[in-house]
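Now for the letters of each chain:
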Amino acid sequence: MKYSQRVFVAGHRGMVGSALIQRLRPVKNCEVITCPRGSLDLTDADAVSDFFNSESIDTVYLAAAKVGGILANSKLPADFIYQNLMIQCNVIHQAHKADIQNLLFIGSSCIYPRDSPQPIREQDLLGGRLETTNEPYAIAKIAGIKLCESYSRQYGRNYRSVMPTNLYGPHDNFDSANSHVIPALIYRFHKAKNEGLQNVRIWGSGDVRREFLYVEDMVDALVFVMGLEDRVYRSVTEPMCSHLNVGTGVDCTVKELAYLIAEIIEFEGNITFDRSMPDGVPRKLLDTSKLSKLGWDSQTSLGVGLKKTYDWYRSILR
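Summarised in this report is the structure supplied together with it. What you see is a predicted model; the values in this text were computed from it and never measured.

Cut-off values and rules
- Residues numbered from 1 in each chain as written.
- Predicted model: local features only at pLDDT ≥ 70, side-chain atom pairs only at ≥ 80, totals over all residues.
- Heavy atoms only, no water.
- Axes fitted to C-alpha atoms, helices over the stretch in contact; angles between N-to-C directions.
- Helix = DSSP H or I, 4+ residues; strand = E, 2+ residues; numbered from the N terminus.
- Parallel < 35°, antiparallel > 145°, perpendicular 65-115°, else oblique.
- Left-handed = near helix turned anticlockwise from the far one by under 90°.
- Contact = heavy atoms within 4.5 Å.
- Nonpolar A, V, L, I, M, F, W, Y, C, P; charged D, E, K, R; others polar.
- Salt bridge = Lys/Arg side-chain N within 4 Å of Asp/Glu carboxyl O.
- Buried < 20%, exposed > 50% of the residue type's maximum accessible area, 1.4 Å probe, protein only.
- Phe/Tyr/Trp six-rings, centres within 6.5 Å; stacked < 30°, edge-to-face > 60°.
- Expected span 1.5 Å × (residues − 1).
- Polar contact = N/O pair within 3.5 Å; in protein donor to acceptor, adjacent residues only side chain to side chain.
- Pairing = 2+ DSSP bridges.

### Focus: the packing of helix α9 (residues 254-265) against helix α11 (residues 302-317)
Part 1 of the reasoning: The geometry of α9 relative to α11 is characterised by a closest axis approach of 10 Å and an angle of 50° between their N-to-C directions. The orientation of α9 with respect to α11, classified from their angle, is oblique. Every pair of crossing elements has a handedness; the one defined by α9 and α11 is right-handed. On α11, the residues that touch Leu257, Leu260, Ile261, Ile264 and Ile265 of α9 are Leu302, Gly303, Leu306, Lys307 and Tyr310.
Part 2 of the reasoning: Classifying every residue of the contact of α9 with α11 by side-chain character gives eight nonpolar, one polar and one charged.

### Some words on the pattern of salt bridges
Part 1 of the reasoning: Evaluated as defined, the whole model comprises 18 salt bridges.
Part 2 of the reasoning: Asp311 serves as the salt-bridge partner of Lys307, at 2.9 Å between the closest nitrogen and oxygen. Of the two residues, Lys307 and Asp311 are both situated in helix α11; the distance of four residues between them amounts to about one turn of the helix.
Part 3 of the reasoning: Take Lys307: its relative accessible area is 39%, and that puts it in the partly exposed class.

### Observations regarding the packing of aromatic side chains
Part 1 of the reasoning: Considering all chains together, one arrives at ten aromatic pairs under this definition.
Part 2 of the reasoning: Look at Phe80 and Tyr137: their rings are 6.1 Å apart centre to centre, the planes differ by 85°, and that puts the pair in the edge-to-face class. On the criterion of sequence distance, the pair formed by Phe80 in helix α4 (residues 77-97) and Tyr137 in helix α5 (residues 135-155) is long-range, its members being 57 residues apart.
Part 3 of the reasoning: According to the relative accessible area criterion, Phe80 is buried, its value standing at 1%.

### What about helix α7 (residues 215-226)?
Part 1 of the reasoning: Compared with the 16 Å implied by 1.5 Å per residue over twelve residues, the 17 Å span of α7 between its first and last C-alpha is a close match.
Part 2 of the reasoning: For α7, the tally of buried residues reaches nine of twelve residues, placing the bulk of the element in the interior.
Part 3 of the reasoning: For α7, the set of buried residues is Val215, Asp217, Met218, Val219, Ala221, Leu222, Val223, Val225 and Met226.

### Brief notes about the environment of Pro77
Part 1 of the reasoning: With respect to the helices and strands, the residue Pro77 is situated in helix α4.
Part 2 of the reasoning: Remark: the alpha-carbon pair of Pro77 and Tyr137, spanning 60 residues in sequence, is separated by 7.4 Å.

### What to know about the side chain of Thr237
Part 1 of the reasoning: In this fold, Thr237 is placed in the loop between α8 (230-234) and β9 (244-246).
Part 2 of the reasoning: From its side chain, Thr237 meets the backbone oxygen of Tyr233 in a polar contact 3.0 Å long.
Part 3 of the reasoning: Not counting residues within four places of it along the chain, the set of residues in contact with Thr237 comprises Ser242, His243 and Leu244.

### Looking at unusual backbone geometry
Part 1 of the reasoning: The residue after Gln118, namely Pro119, is reached through a cis peptide bond having omega -10°.
Part 2 of the reasoning: With respect to the helices and strands, the residue Pro119 is situated in the loop between β4 (102-106) and α5.
Part 3 of the reasoning: Although it is not a glycine, Ser56 adopts a positive phi angle of roughly 55°.
Part 4 of the reasoning: Here Ser56 is to be found in the loop between α2 (45-55) and β3 (59-62).
Part 5 of the reasoning: When its relative accessible area of 54% is taken as the criterion, Ser56 is described as exposed.
Part 6 of the reasoning: Of note, the phi angle at Asp99 is positive, near 60°, even though the residue is not glycine.
Part 7 of the reasoning: Mapped onto the elements, Asp99 comes out in the loop between α4 and β4.

### A short note on the sheet that holds strand β2 (residues 30-33)
Sheet strands line up and pair through hydrogen bonds in the backbone, either parallel or antiparallel.
Part 1 of the reasoning: Spatial strand order, β2-β1-β3-β4-β5-β9: six strands in an open sheet with parallel pairing. One side of each edge strand has no neighbouring strand; the edge strands of this open sheet are β2 and β9. Across the sheet, the axes of successive neighbouring strands diverge by a mean angle of 20°, strand direction being ignored.
Part 2 of the reasoning: Here strand β5 (residues 158-164) runs beside β9; their pairing, made up of three bridges, is parallel. The residue of β9 that forms the bridge with Pro164 is Val246.
Part 3 of the reasoning: Contacting β1 (5-10), β2, β3 and β4, helix α1 (residues 15-24) runs over the sheet at an angle of about 160° to β1.
Part 4 of the reasoning: Packed onto the sheet, α7 meets β3, β4, β5 and β9 and runs at close to 150° relative to β4.

### Quick word on α4
At 3.6 residues per turn, the α-helix brings residues three or four places apart onto the same side.
Part 1 of the reasoning: The end-to-end C-alpha distance of α4 is 30 Å, a good match for the 30 Å that 21 residues give at a rise of 1.5 Å each.
Part 2 of the reasoning: Among all positions in α4, only Phe80, Asn84, Ile87, Gln88, Asn90, Val91, Ile92, Gln94, Ala95 and His96 are buried.
Part 3 of the reasoning: Each element contacted by the buried residues of α4 is listed here: α2, β3, α3 (70-75), β4, α5 and β5.
Part 4 of the reasoning: Positive backbone phi, approximately 60°, marks Asp99, located one or two places after α4.

### Some details on the environment of Tyr313
Part 1 of the reasoning: You can see Tyr313 is positioned in helix α11.
Part 2 of the reasoning: Between the C-alpha atoms of Tyr313 and His243, which are 70 residues apart in sequence, the distance is 32 Å.
Part 3 of the reasoning: Tyr313 has contacts with Phe174, Ile186, Tyr187 and His190, leaving out every residue within four places of it along the chain.

Here it is, written out as structure tokens:
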């Protein structure tokens, strides 16, 4: 940063937000601003307006969101679409009203159609039907992209969006009922090992393919994208397709993932797959060539990232 900036991280206690704070705080001329949920309800427009008008923010990283796995999305569709829409609308609109020029919105790869060609390009957005198991959440995230694009087009704001693949790492949600696949598997295998169980049952066939990005790589990409000059960012994006994919360019089956996690945890029992439960999208691999062209690529292999994540998980159980 060439000059002093006050940077607000919305969602600082989540997996991405907490890693982003660790990444930003050592940066020279960067003052990181946070506000806990109990003091600032991002679904309350007046509260967000008052906060921005009193804090003199220069840049916003919008990492706040209601997130969850297939089960949570299936059970709470109204919560997922409403809360995410309200957070995004309030933060983006009130940032504009407070004359905050720079904002980065963090979305999700679930925005893309279920049957997108692989790997999925940014321009595949809105090209087909969404996966039904997380459609409300995906629609909210699509709205966030279009909000950023619209304020940039109409008001000349520097509001950018990145769409990460499946994220994992320290501070993820390890709740057994509402978590994503990696923390859910870590929880189950760790529990099974400690309790001496001989079998772990996993939802779905295990045949679907997924791409996973370690959270420290993700926040490195966020800072990289926000540091790009406007002309450079616009060299690979379009006014109405302005988001960038963030991923590794490598995927694996859920079955391969499960056996890798079991090996890291040293679980020696059986692994079975319940084909009566939903799989979700058959494959979801992102085309990250635009970001790579700008000079950024992920650095952490899946095995290394999983080992770091499991070490962190064990540390919080002590």
